[in-house]
Amino acid sequence: PRKSFDEEELHELAQSIKTYGLIQPLTVRSLGGDKYQLIAGERRYRASKIAGIESVPVYFREVNDQELLEMALVENIQRSELNALEIAISYQRLIDECQLTHDILAQRVGKKRSTISNYTRLLKLPPPIQQALKGNLISMGHARSLAGIDDTGLQLVAFNETVTKKLSVRALEKWIKIHEDGPQNNSSSASSTQLPSELSKLRDQLAHRFGSKVIIKRNNKGKGQIQFSFNSDDQLNDLLDTLLD
């Protein structure tokens, strides 16, 4: 799953291995004869080579190709500092190649189902946004907000605004709300501005918490309703997961 390794961190690990030895063995499977395939521990393996270690302890596992892939992906997700896009790709590979549902995958990696959905949704973002996420120009929070926009054109405009003006996640969410509402919703926008400050703050907190557009309506007698918006079944499931957690 990992495509790149930080050379400085590898040398730091190599120095540690020189001093204390390899504390956590690698995990391999036999390919027959004197050939072995690494399942988990590539970073430790590379650092051991830098340290000049000629032999390392290993665990042997008897696994088929699918189990090998699943173990390698899950081990990397749990142990390595993968960026958000690498995690998303790993989750999607587990779903596609190991035929895992979001629910089963969530159990395997110890995450909520909504977390799996949030990551895999990143893979639908346009390439410029994915590259910015990979290069840490935007955060996972920014990417989640951008992924919630259906219009690709508006997505890219929002992305450019975020990078150019260095918008926070909260500021980006407000920008999206204004531009998705459009002029046709001026009446509802006007009514929302009449909300007491504490309710306006609550609305913004709910939108941030659930990653969804939120509308609070209340009359002068204190009666009203809270509305959550969703754009797909996945987003509805994420919303329900968070509400019922």
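Located above this text is the structure these notes cover.
Before going into details, it helps to say that this report is about the structure given with it. Not measured: the values here are computed from a predicted model. (Residues numbered from 1 in each chain as written. Predicted model: local features only at pLDDT ≥ 70, side-chain atom pairs only at ≥ 80, totals over all residues. Heavy atoms only, no water.)

1. Examining the side chain of S117
Working step 1: Within the secondary structure layout, S117 lies in helix α6 (residues 113–121).
Working step 2: By relative accessible area, which is 2% here, S117 ends up buried.
Working step 3: Residues contacting S117, with those up to four places away along its chain left out, are H102 and D238. (Helix = DSSP H or I, 4+ residues; strand = E, 2+ residues; numbered from the N terminus. Buried < 20%, exposed > 50% of the residue type's maximum accessible area, 1.4 Å probe, protein only. Contact = heavy atoms within 4.5 Å.)

2. A word on the pattern of salt bridges
Two side chains carrying opposite charge are able to pair once their charged atoms lie near each other.
Working step 1: Taken as a whole and judged by the stated rule, the model has 4 salt bridges.
Working step 2: Here E97 ties to R93 by a salt bridge, and the two come within 3.0 Å at their closest N and O atoms. Residue E97 and its partner R93 are both found in helix α4 (residues 84–97); the two are separated by 4 residues, about one turn of the helix.
Working step 3: Residue R113 pairs with D103 through a salt bridge whose shortest N-O separation is 3.4 Å. In this pair, R113 is assigned in helix α6 and D103 in helix α5 (residues 102–109), connecting sequence segments 10 residues apart. (Salt bridge = Lys/Arg side-chain N within 4 Å of Asp/Glu carboxyl O.)

3. Some thoughts on the pairing of strand β4 (residues 214–218)
Working step 1: Here β4 runs beside strand β5 (residues 224–228); their pairing, made up of 5 bridges, is antiparallel. Bridging across to β5, I216 finds its partner in I226.
Working step 2: Hairpin connection, β4 to β5: the antiparallel pair is bridged by 5 residues, and G222 has positive phi, about 90°. (Pairing = 2+ DSSP bridges.)

4. Quick notes on the sheet that holds strand β2 (residues 35–40)
Working step 1: Overall, mixed pairing links the 3 strands, which are arranged β2-β1-β3 in an open sheet. Lying at the two open borders of the sheet, with one neighbouring strand each, are β2 and β3 (58–60). The average angle at which neighbouring strand axes cross in this sheet is 40°, direction not considered.
Working step 2: Examined bridge by bridge, strand β1 (residues 26–32) and β3 share 3 bridges and lie parallel to one another. Along β3, the bridge assignment pairs V28 with F60.
Working step 3: Contacts from helix α2 (residues 42–50) reach β1 and β2 within the one sheet, and its direction differs from that of β2 by about 120°. (Axes fitted to C-alpha atoms, helices over the stretch in contact; angles between N-to-C directions.)

5. Thoughts on the packing of helix α1 (residues 7–20) against α2
Working step 1: In contact at an axis separation of 8 Å, α1 and α2 are set at 70° when each is read in the N-to-C sense. The angle between α1 and α2 falls in the class roughly perpendicular. Our pair here, α1 against α2, has a crossing hand that is right-handed. For the pair formed by α1 and α2, the contact residues are E9, L10, H11, L13, A14 and I17 on the first element and R43, R44, R46, A47, S48 and I50 on the second. (Parallel < 35°, antiparallel > 145°, perpendicular 65-115°, else oblique. Left-handed = near helix turned anticlockwise from the far one by under 90°.)

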